[in-house]
Amino acid sequence: MTSARPAPYATDPRNSRGRLHAEPSAAERDPFQRDRDRIVHSSAFRRLKHKTQVFVDTGGDHFRTRLTHSLEVSQIARSIARALGLNEDLTEALALAHDLGHTPFGHAGETALDAAMQPFGGFDHNAQTLRIVTKLERRYAAFDGLNLTWETLEGTVKHNGPLVGEADECRALPAAIVEYQAQHDLELATHPGPEAQVAALSDDIAYNNHDLDDGLRAGLFDIAELEDAPLTFATFRAVRDAHPGLDASRWIHESVRRLIDAMVTDLLAETRRRLAEARPGAAADVRALGRPLVAFSEPMRAQDRELKAFLHRRMYRHYKVNRMASNARRVVSALFARLFEEPCLLPPEWQSQCDGADPAKRARVISDYIAGMTDRFAEIEHRRLTEVRSSTL
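One structure accompanies this document, and this report is about it. Because the structure is a prediction, the values reported are computed rather than measured.

**Some remarks on unusual backbone geometry**
Here comes step 1: Of note in this structure, Asn147 is not a glycine but carries a positive phi near 50°.
Here comes step 2: Considering the arrangement of structural elements, one finds Asn147 in the loop between α6 (125–136) and α7 (150–158).
Here comes step 3: The phi torsion at Glu187 lies on the positive side, around 55°, for a residue other than glycine.
Here comes step 4: Positionally, Glu187 belongs in the loop between α8 (175–183) and α9 (194–217).
Here comes step 5: In this structure Glu187 comes out as partly exposed when scored by relative accessible area, which is 27%.

Rendered as structure tokens:
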């Protein structure tokens, strides 16, 4: 499955559209390698270690976090990129960056922050990722953000497809995307390049199968209940038939491993079929196709939908997850309300951004502060603002 050399439709770092702020090239690294390295060294990436992937009891050391999920997505994406002859470094950069904008407490935290921010434009984790890599990371002397290449920014913003139609305006988009688009056109009406499409479906492969793994190991459902997802359960049944008497832990791991392999194999076969049909000669041709190039076959899409529906019923709506999600929403909502009412409670570097600001700008600063929190820090900060003991200051 290894590609001997880059395919003609791969994104060529030598032809990168460059960075918003011009920089000298690096002698030993191409632009996409530098993007990947900047993402890995960012503060936002390190914080993913203590951000929940799915808000379940993380008292065990083996449940996924946003960091481990991002690494798993990167591994799947890089393997697919290599098999298709795509640029592996760009694919890896996109996979590692895709969750940087997530709030603490998984989707529960995002729901609460979006609700609090509705009067001020709402909250969107994809737009927040763009804010982080273009503005909020303050590490470099010459610019805010990471100053990533056009290709990495485009793939980050559009990895799930076009954001507007050809004739649509950008005003319905999150403000962060509209603001950046005004100074650096990311061509929001087209599909992204092939590396971004690979990263997006690698995310799908990873979170479906790893949520299945975590849900089984957390006891939110058991293997027998997978009969409600017959296409997925067929793999578990095949493993049991081939290895009777296998203990549950190894049964789960072997089955999930086979499910991932089946999805990757299907994606490669369907994408190669589409490549043979479209015959793109450059990454620009992939963007101009008007439809995704990287895709699952229809039978695999059916299996993907079936597994998503099962996880929604049996895991994401499980009463234990609902209880933790409810507590998480209360923490985030309370943090926002208190800090918006009293911005003087913010740390000095954040408080200074609120001085003299209108309510919308103040709300966005507070949203940035909360979105950047880890689960652990959000809980600590909530206690600091609700308890009066001096030891909590």
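So, next bit.
**Some words on the environment of Ser249**
Here comes step 1: Checked against the element boundaries, Ser249 lands in helix α11 (residues 248–278).
Here comes step 2: Among the residues examined, Ser249 registers a relative accessible area of 39% and is labelled partly exposed.
Here comes step 3: With 36 residues separating them in the primary sequence, Ser249 and Asp213 have C-alpha atoms 9.6 Å apart.

**Some thoughts on the environment of Ser297**
Here comes step 1: Structurally, the position occupied by Ser297 is in the loop between α12 (283–287) and α13 (298–316).
Here comes step 2: Since its relative accessible area comes to 13%, Ser297 is described here as buried.
Here comes step 3: Each C-alpha atom of the pair Ser297 and Arg250 lies 29 Å from the other, and the pair is 47 residues apart in sequence.

**Description of the side chain of Asp211**
Here comes step 1: The residue Asp211 is located in helix α9 in this model.
Here comes step 2: Buried Asp211, no salt bridge; nearest opposite-charge side chain is Arg64, N-O distance 7.0 Å.

**Concerning the nonpolar core**
Here comes step 1: Grouped together as the largest cluster of nonpolar side chains are 47 residues, with contacts concentrated most on Ile80, Ile205, Leu212, Leu216, Phe221 and Phe236.
Here comes step 2: Judged by nonpolar contacts, the second largest core, of 27 residues, contains Phe105, Ala328, Leu335 and Ile370.

**Considerations on the pattern of salt bridges**
Here comes step 1: For the structure on display, the rule yields 37 salt bridges.
Here comes step 2: Of the charged contacts in the structure, one is a salt bridge between Arg36 and Asp89, with a shortest N-O distance of 2.8 Å. Here Arg36, found in helix α1 (residues 31–40), pairs with Asp89, found in helix α4 (residues 88–97); they are 53 residues apart in sequence, far enough to count as distant.
Here comes step 3: Overall, the relative accessible area of 11% leaves Asp89 in the buried class.
Here comes step 4: For Glu381, the salt bridge is made with Arg384, and the minimal N-O distance between the two is 3.1 Å.

Cut-offs used in this document
Residues numbered from 1 in each chain as written. Predicted model: local features only at pLDDT ≥ 70, side-chain atom pairs only at ≥ 80, totals over all residues. Heavy atoms only, no water. Helix = DSSP H or I, 4+ residues; strand = E, 2+ residues; numbered from the N terminus. Buried < 20%, exposed > 50% of the residue type's maximum accessible area, 1.4 Å probe, protein only. Lys, Arg positive; Asp, Glu negative; His and termini not counted. Salt bridge = Lys/Arg side-chain N within 4 Å of Asp/Glu carboxyl O. Core = buried A, V, L, I, M, F, W, Y, C linked by side-chain atoms within 4.5 Å.

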